[in-house]
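Commentary on secondary and tertiary structure
The primary structure of each chain is shown beneath.
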Amino acid sequence: MPQLHNETVNVWTHLLGCAGFVTMLFYVADATCDAEGEGGAVGAECLERWPLYVFLTSATVCLGTSTVYHLFGTANEKWEIALRNVDYAGIVSLIVGSCAPVVQYGFGDAYPLTRLVYMLAIGGLGAAVLVCSLTPWFDRHNGLRIALFVALALSGVVALLHAMVAHDFSPRVVSMLHGVLAMGGTYLLGVGVYATHFPESLRPARTFDLIGSSHCIWHVCVVLAALRHYSTVVALWRDSAHG
């Protein structure tokens, strides 16, 4: 791992990111929201923590499986396919896990059935994409693979837009939408770089083999987007209370 090679940035960005999200899990477990502090309103209750745990666990799984794949899978032909499938499973995990706080906090207790339907639908779509990722054609068709991941992520945006309308454009949900769009924009930037193989497509003569390749940039974007989502949902949990 200490030696500089073409997977060094890919491994370290997601290894450090994985360690960071494990740390955040412990932080969230010990954190208090405004309702628990001295300034909490009488009768107020904190929003549920479990969506935060789901998201943070999914981010840890995604970054951890990516680290394992880029450290062992790319260097061992015998393990490459199996670990690549595990990497894809981690991506699905992060997408679905990111949707959990969006749906739970977006609809709140006012729309429990709608919330449950979206949870089940997004989970079902995630399972379908996961099954597709195990087929040989999934890896052969780069554009279709990206489209399936993006479509799965958009299901969470659809749910949040529905929640925003259902709550009559409440500032709380609108604020969460802004955070989700910032996260999505960071992911889409990474996807665009990854899909177009920029910047190595401009200088194909091994210029970016070690640092600065499209895959390296994609890895950085994944960590930054996940951190942006963390700040959005934790701020919502900390600042909001119902009762």
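About the cut-offs
- Sequence order as written defines the numbering, with residues in each chain counted from 1.
- Residue-level local features of this predicted model are given only where pLDDT is at least 70; pairs of side-chain atoms are given and counted only at 80 or more, and the full residue set underlies all totals for whole chains, interfaces and linings.
- Excluded from the side-chain calculations are hydrogens and water; all other atoms, namely the structure's heavy atoms, are used.
- Secondary structure elements are defined from DSSP: runs of H or I of at least 4 residues count as helices, runs of E of at least 2 residues count as strands, and each element is numbered from the N terminus.
- In this scheme, a residue with accessible area under 20% of its type's maximum is buried, one over 50% is exposed, and one in between is partly exposed, where area comes from a 1.4 Å probe on protein chains only.
- The contact definition used throughout considers only heavy atoms, calling two residues in contact when any of these lie within 4.5 Å.
- Residue exposure ignores everything except the shown protein chains as possible cover, and the areas themselves are Shrake-Rupley values with a 1.4 Å probe.
- Put simply, a salt bridge is a Lys or Arg side-chain nitrogen that is within 4 Å of an Asp or Glu carboxyl oxygen.
- Only buried Ala, Val, Leu, Ile, Met, Phe, Trp, Tyr and Cys residues count toward a nonpolar core, and they belong to the same one when joined by side-chain atoms within 4.5 Å.
- Axes here refer to lines fitted to C-alpha atoms; in helices the fit is confined to the stretch in contact. Angles between the N-to-C directions go from 0 to 180 degrees.
- Should an angle fall under 35 degrees it is called roughly parallel, over 145 degrees roughly antiparallel, and 65 to 115 degrees roughly perpendicular, with every other angle called oblique.
- The nonpolar class holds Ala, Val, Leu, Ile, Met, Phe, Trp, Tyr, Cys and Pro. Asp, Glu, Lys and Arg form the charged class, and all remaining residues, Gly among them, are polar.
- For a crossing to be left-handed, the near helix must be turned anticlockwise from the far one by less than a right angle; the clockwise case is right-handed.

This brings us to the overall build of the protein chain. Counting its regular elements, the protein chain contains eight helices and two strands. Going from the N terminus to the C terminus, the protein chain shows its helices and strands as α-β-α-α-α-α-α-α-α-β. In the protein chain, which comprises 243 residues, the share counted as buried stands at 42%. Residue pairs at least 24 apart in sequence account for 73% of intrachain contacts in the protein chain once pairs closer than 6 positions are excluded. Summing over all exposed atoms, the protein chain offers an accessible surface of approximately 12100 Å²; the carbon and sulfur share of this is 69%.

Moving on, we get to the side chain of serine 58. Considering the arrangement of structural elements, one finds serine 58 in helix α2 (residues 50-73). By relative accessible area, serine 58 is classed as buried at 4%. Aside from chain neighbours lying at most four places away, what touches serine 58 is Ser93, Leu94, Gly97 and Ser98.

Before going further, it helps to examine the environment of proline 136. Position of proline 136 among the secondary structure elements: in helix α5 (residues 136-140). On the basis of relative accessible area, proline 136 is assigned to the exposed category, the value being 59%. For the pair proline 136 and isoleucine 81, spaced 55 residues apart in the sequence, the C-alpha separation amounts to 9.5 Å.

This paragraph deals with the pattern of salt bridges. If you walk through the whole model with that rule in mind, you get four salt bridges. With its nearest N and O atoms 3.2 Å apart, the salt bridge here joins arginine 84 to aspartate 139. Placement of arginine 84 in helix α3 (residues 77-107) and of aspartate 139 in helix α5 is noted, with a sequence separation of 55 residues between them. Judged by its relative accessible area of 29%, aspartate 139 is partly exposed.

Moving on, we get to the nonpolar core. In terms of nonpolar packing, the biggest core is built from 53 residues, with Phe21, Phe55, Phe149, Tyr187, Tyr230 and Trp237 touching the most fellow members. Counting only elements with at least two residues in this core, the list comes to α1 (8-30), α2, α3, α4 (112-133), α6 (142-166), α7 (171-196) and α8 (214-239). What tryptophan 237 contacts, discounting residues up to four positions off in sequence, is Ala31, Thr32, Cys33, Cys46, Leu47, Glu48, Arg49, Leu52 and Tyr105.

Contact geometry of α4 with α6 gives a least axis separation of 10 Å together with a crossing angle of 175°. It follows that α4 is roughly antiparallel to α6 by the angle criterion. Of α6, the residues touching α4 (which contributes Thr114, Tyr118, Ile122, Leu125, Gly126, Val129 and Cys132) are Leu148, Phe149, Leu152, Ser155, Gly156, Val158, Ala159 and His162. Residue composition of the contact of α4 with α6, by class: ten nonpolar, five polar and no charged.

Below, the discussion takes up the packing of α3 against α7. Across the interface, α3 lies against α7 with an axial gap of 10 Å and an inter-helix angle of 165°. Relative to α7, α3 is oriented roughly antiparallel. As α3 packs across α7, the resulting crossing turns out to be left-handed. Two secondary-structure elements touch here, α3 through Leu94, Pro101, Val102, Tyr105 and Gly106 and α7 through Arg172, Val173, Met176, Val180 and Tyr187.

Let us look at unusual backbone geometry. Outside of glycine, negative phi angles account for most residues, and trans bonds account for most peptide bonds. Following phenylalanine 198, the chain continues to proline 199 via a peptide bond in cis, the omega torsion being 10°. For histidine 197, which is not glycine, the phi torsion reads 55° and is therefore positive. Mapped onto the secondary structure, histidine 197 falls in the loop between α7 and α8. What makes histidine 197 partly exposed here is its relative accessible area of 40%.

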